[in-house]
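# Structure at a glance
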Amino acid sequence: MTSKITICAAGLLLSLAFTSQPSPAADMSVPASTCHEGGKYQRIPMSRIAQRTEHDPSGLWTDFELWNVNSPHKTDIWEGAYRGCRGERIVVSQIINRQCSSATVCPVRIVQFDRGGSGRVLLAYKQACTLHGTFALSSDGHELMACDVPYELD
């Protein structure tokens, strides 16, 4: 089990290192009024960026993560993004495939990109409500809200 986690973590870091183009998810900006208020949530609309795919065009998920669990089915990828208070770009990505722990709960990954394009994983892998529409992140960047359930970030 530990070796699988290590391999997936290494694959994620490699995929982030080689991601040269920004995610195709729409970019939103956080309203200035919410930047320093704790407890408020920034809504992040999600859109399907890939359907029945074996490769993530954003590079946030490895081909192994997409392929490993969905044979013979393909994976749908939903993504949303916004610009935070310090200019950072935060991308929320969810895959819909056989990795889902139920019909309504699937893997989510959140990555923060600084102005230079370097990525830092805020949430590597968490089973969260499948919304096909909207997630929300707390303005302090510590919590994801999905279907009224809070998830602490890594």
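Residues numbered from 1 in each chain as written. Predicted model: local features only at pLDDT ≥ 70, side-chain atom pairs only at ≥ 80, totals over all residues. Heavy atoms only, no water.

### Looking at the state of the cysteines
Stated precisely, the cut-off is as follows: The disulfide criterion used throughout: a pair of cysteine sulfur atoms within 2.5 Å. For every residue, the accessible area obtained with a 1.4 Å probe (protein chains only) is divided by the maximum for its type, and the residue is called buried under 20%, exposed over 50%, and partly exposed between those limits. In DSSP terms, a helix is any run of H or I states spanning at least four residues, a strand is any run of E spanning at least two, and both are numbered starting from the N terminus.
Applying the stated criterion across every chain yields a total of 2 disulfides. With a sulfur-sulfur separation of 1.9 Å, Cys100 is cross-linked through a disulfide to Cys106. Linking Cys100 and Cys106, the disulfide has an S-S dihedral of approximately 105 degrees and is accordingly described as right-handed. Of the two residues, Cys100 and Cys106, neither departs from the other in class, the shared state being buried. Paired through a disulfide, Cys129 and Cys147 show a sulfur-sulfur distance of 1.9 Å. The sign of the S-S torsion, about -40 degrees, decides the handedness of the disulfide formed by Cys129 and Cys147: left-handed. With Cys129 in strand S7 (residues 119-129) and Cys147 in the loop between strand S9 (143-146) and strand S10 (149-152), this residue pair connects regions lying 18 residues apart in the sequence. Looking at Cys147, the relative accessible area reads 40%, which means it is partly exposed.

### Let's talk about the sheet that holds S10
Filter applied, for reference: Think of it this way: DSSP has to see at least two bridges between two strands before they count as a pair. Think of each axis as a best-fit line through the C-alpha atoms, taken over the contacting stretch in the case of a helix, with angles from 0 to 180 degrees between the N-to-C directions.
Strands sit in the order S2-S8-S9-S10 across an open sheet of 4 strands; the sheet is antiparallel. At either end of the open sheet lies a strand with only one pairing partner, and these are strand S2 (41-45) and S10. Averaged over all pairs of adjacent strands, the angle between their axes in this sheet comes to 30 degrees, without regard to strand direction.

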